[in-house]
Amino acid sequence: MSEALPLEPNRAERSVLAGKLVTRTFYSRPVLEVARQCIGKVLVRSNPQGVVAGRIVEAEAYRGPEDRAAHSFGGRRTRRTEAMFGRAGVAYVFFVYGMHWHLNLVAGNVGEPHAVLIRGVEPLVGVELMAARRKMDAKRDALTNGPGKLCVAFAITGDDYGADLCRRGPLYLLEGPAPRRIARSPRIGVDYAGSWAARPWRFFDPTSRYVSKPRPAQRLA
DNA sequence: TGAATGATTTACT
DNA sequence: GTAAATCATTCAA
């Protein structure tokens, strides 16, 4: 991308990156708790272009096999969903609408196909690199306020499928200050799931600018 | 083998 | 506000 990058992390950025790794036991719990408590944790991406990191401000729980909104509904186990059936603390990455990647954290015990979709992140480290990838100004909320947008900013693709988030590799999660408040609502974009769509399994920090904006169709509901 | 669709984003009227 | 972009995955046949 840009030849001027990467920049060395500054003092504040180094402080963020010095945080403790989130351990696998955190993920090996009920998916609703994982979704709620991952708000405030810090997602880190490290690759040859540089390091970017951001605070998770919005996430949704998907609890297969009973949850009709989950890709693992009905116990569907395929090449795509396989990661959700394995150990917790790895990345479940998938491609939708012919153009967007989405990142999930695998949760629960082995054999329980649960996952947490990351929908919004507040930039903390490498904002200029994110802006270059997004081809927009670094100050805009739209940089990382949606599941597909943040995957572009973090350069997350199918290559990250199954990545272990519990060690300092290309993609991992660090502890961060807990938010003052956590709000919840129904999940976005899962109207096909009948009554499951009404369950308040979306969690977010209501004070953050980087929570995703509802689409027109959502606004009417 | 083919048709339908989606855990969305962007551009445009 | 609406529509286009664009393709892996899924399911039916």
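See the structure shown above.
Residues numbered from 1 in each chain as written. Chains lettered and ligands numbered in written order. Predicted model: local features only at pLDDT ≥ 70, side-chain atom pairs only at ≥ 80, totals over all residues. Heavy atoms only, no water.

Re the overall build of chain A
Rules: Helical segments are the DSSP runs of H or I of at least four residues, strand segments are the runs of E of at least two, and each set is numbered from the N terminus. C-alpha atoms define the radius of gyration in this analysis, and the globule rule sets the expected value at 2.2 Å times the number of residues to the power 0.38. Buried, partly exposed and exposed residues are distinguished by accessible area as a fraction of the type maximum, computed with a 1.4 Å probe on protein chains only: under 20%, between the cut-offs, and over 50%, respectively. Any two residues having at least one pair of non-hydrogen atoms within 4.5 Å are treated as being in contact. Exposure was quantified through the Shrake-Rupley algorithm and a 1.4 Å probe, taking into account, for residues, occlusion by the shown protein chains and nothing else.
A tally of regular secondary structure across chain A gives seven helices and eight strands. Relative to the globule expectation of 17 Å for 221 residues, the C-alpha radius of gyration of chain A, 16 Å, shows essentially globular dimensions. Taking all 221 residues of chain A together, 52% fall into the buried category. Counting only contacts in chain A whose residues sit at least 6 apart along the sequence, the fraction spanning at least 24 positions is 63%. Summed over its atoms, the accessible surface of chain A is roughly 10,700 Å², and 55% of this surface lies on carbon and sulfur atoms.

A look at the protein's contact with DNA strand B
The criterion, for reference: Working definition: residue near molecule or strand if any one of its non-hydrogen atoms lies within 4 Å of it. Residues adjacent in sequence count toward polar contacts only when both atoms are side-chain atoms; beyond that, a polar contact is any pair of N or O atoms within 3.5 Å, and within protein one must be able to donate a hydrogen and the other to accept it. All residues other than Ala, Val, Leu, Ile, Met, Phe, Trp, Tyr, Cys, Pro, Asp, Glu, Lys and Arg, Gly among them, are scored as polar; the first ten of these are nonpolar and the last four charged.
Taken together, 20 residues lie near DNA strand B, and H71, H100, N104, R134 and Y192 sit nearest. Among atoms of DNA strand B positioned within 4 Å of the protein, sugar and phosphate together represent 57%. Taking N104, its side chain carries an N or O atom lying 2.6 Å from a base nitrogen of DNA strand B. For the surface near DNA strand B, the secondary-structure elements that each account for two or more residues are β4 (100-107), β5 (114-125) and α6 (147-153). Here the residues of the surface near DNA strand B sort into eight nonpolar, eight polar and four charged.

What about unusual backbone geometry?
With omega at 0°, the peptide bond leading from G64 into P65 counts as cis. With respect to the helices, strands and loops of the structure, P65 is situated in the loop between β2 (50-63) and α4 (82-85). Even without being a glycine, Y97 presents a positive backbone phi close to 55°. Inspection of the secondary structure assignment puts Y97 in the loop between β3 (91-96) and β4. The class of Y97 is exposed, set by a relative accessible area of 63%.

Overview of helix α5 (residues 127-134)
Each α-helix turn comprises 3.6 residues. Residues three or four places apart therefore point the same way. Residues L129, M130, A131, R133 and R134 constitute the buried set of α5. The secondary structure elements touched by the buried residues of α5 are β1 (42-47), β2, β5 and α6. At the C-terminal side of α5, K135 shows a positive phi close to 55°.

Description of the packing of aromatic side chains
For the record, the criterion: Side-chain rings of Phe, Tyr and Trp, where Trp is taken by its six-membered ring, are said to pair if the distance between their centres is within 6.5 Å; with planes under 30 degrees apart they count as stacked, over 60 as edge-to-face, and otherwise as tilted.
Here the structure, examined in full by the defined rule, presents five aromatic pairs. Between the aromatic rings of Y92 and Y161, the centroid separation amounts to 6.2 Å while the plane-to-plane angle is 85°, which identifies the pairing as edge-to-face. Placement of the pair is Y92 in strand β3 and Y161 in the loop between α6 and β6 (171-174), with a sequence separation of 69 residues. You can call Y92 buried: its relative accessible area is 1%. For Y161, a relative accessible area of 30% puts it in the partly exposed group.

A short note on the pairing of β5
We count it as follows: Note on pairing: DSSP must find at least two bridges between two strands before they are called paired.
For β5, a buried count of 10 out of 12 residues is recorded, marking the element as mostly surrounded by other parts of the structure. Examined bridge by bridge, β2 and β5 share 10 bridges and lie antiparallel to one another. Of the residues in β5, the one forming a bridge with E60 is L117. In the sheet, β4 pairs with β5 via four bridges, with the strands oriented antiparallel. Its bridge partner lying in β5, L105 is registered against V116. Taking the residues between adjacent antiparallel strands as the criterion, β4 and β5 are bridged by six residues, where G108 takes a positive phi near 85°.

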